[in-house]
Amino acid sequence: VIDLDTVMPNFVTSDYGDFMRTAGNMGAEDDPDLNNVRFNIPIFKAYTKGYLESASGFLLPLERELLPFGAKLMTYMQTVRFLTDYLNGDTYYKILHPTHNLQRSRAQFALLKSMEANEETMNEYIRSLV
């Protein structure tokens, strides 16, 4: 998989976090039923294990420690981006209906809250792999 949006110098936490935001969501990015939106710990564990096995040679200890923060940060940023686009008249993201970006923002915020609820589990798992 090639993500041309991230083929540039960047922070590890950004690339890792954006993957977690996307693949770690048990609901849809724009799920209207916020009960479906929660952080998928098995996906987190599988991806993080593989990621750390491959990246351990170049990651600093602080970068490993900040991986859960990266997931939360990218989710927060996307929450704000969707909300900002909604408030600005939906000029950036394509929408399917007039409140689509608001719906997306709410779903991303629900995901962020779920990540926060699982943060200690995430931190403990990363520590167990090091």
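You'll find the structure just up there.
S.K.: Where do I start with the packing of aromatic side chains in this structure?
M.R.: The geometry of an aromatic ring pair is captured by the separation of the ring centres together with the interplanar angle, meaning the angle of the planes. Across all of its chains, the model carries eight aromatic pairs by this definition. Consider the rings of F19 and Y47, whose centres lie 3.8 Å apart with planes at 20 degrees: the pair is stacked. Pair noted here: F19 is in helix α1 (residues 12–23) and Y47 is in helix α2 (residues 41–55), with a separation of 28 residues, a long-range link. You can call F19 partly exposed: its relative accessible area is 32%. With relative accessibility at 26%, the residue Y47 sits in the partly exposed group. By the ring-pair criterion, three or more aromatic residues cluster together here, those being Y16, F19, Y47 and Y51.

S.K.: In this structure, what is going on with the pattern of salt bridges? I would like to understand it.
M.R.: Side-chain pairing between opposite charges can occur once the charged atoms of the two side chains come close. Tallied over the entire structure, the rule returns five salt bridges. Taking the shortest distance from any N to any O, the salt bridge between K49 and E53 comes out at 2.7 Å. Separated by four residues within a single helix, K49 and E53 lie in helix α2, roughly one turn from each other. We classify K49 as partly exposed; its relative accessible area is 39%. Ionic pairing is found between K72 and E119, a salt bridge with its closest N-O pair at 3.0 Å.

S.K.: Would you take a moment to explain the side chain of N123 for this structure?
M.R.: Positionally, N123 belongs in helix α6 (residues 119–129). A relative accessible area of 18% means that N123 is categorised as buried. Apart from residues lying up to four places away in sequence, N123 is in contact with E65 and P68.

What counts, and where the lines are drawn
- Residues numbered from 1 in each chain as written.
- Predicted model: local features only at pLDDT ≥ 70, side-chain atom pairs only at ≥ 80, totals over all residues.
- Heavy atoms only, no water.
- Phe/Tyr/Trp six-rings, centres within 6.5 Å; stacked < 30°, edge-to-face > 60°.
- Helix = DSSP H or I, 4+ residues; strand = E, 2+ residues; numbered from the N terminus.
- Buried < 20%, exposed > 50% of the residue type's maximum accessible area, 1.4 Å probe, protein only.
- Salt bridge = Lys/Arg side-chain N within 4 Å of Asp/Glu carboxyl O.
- Contact = heavy atoms within 4.5 Å.

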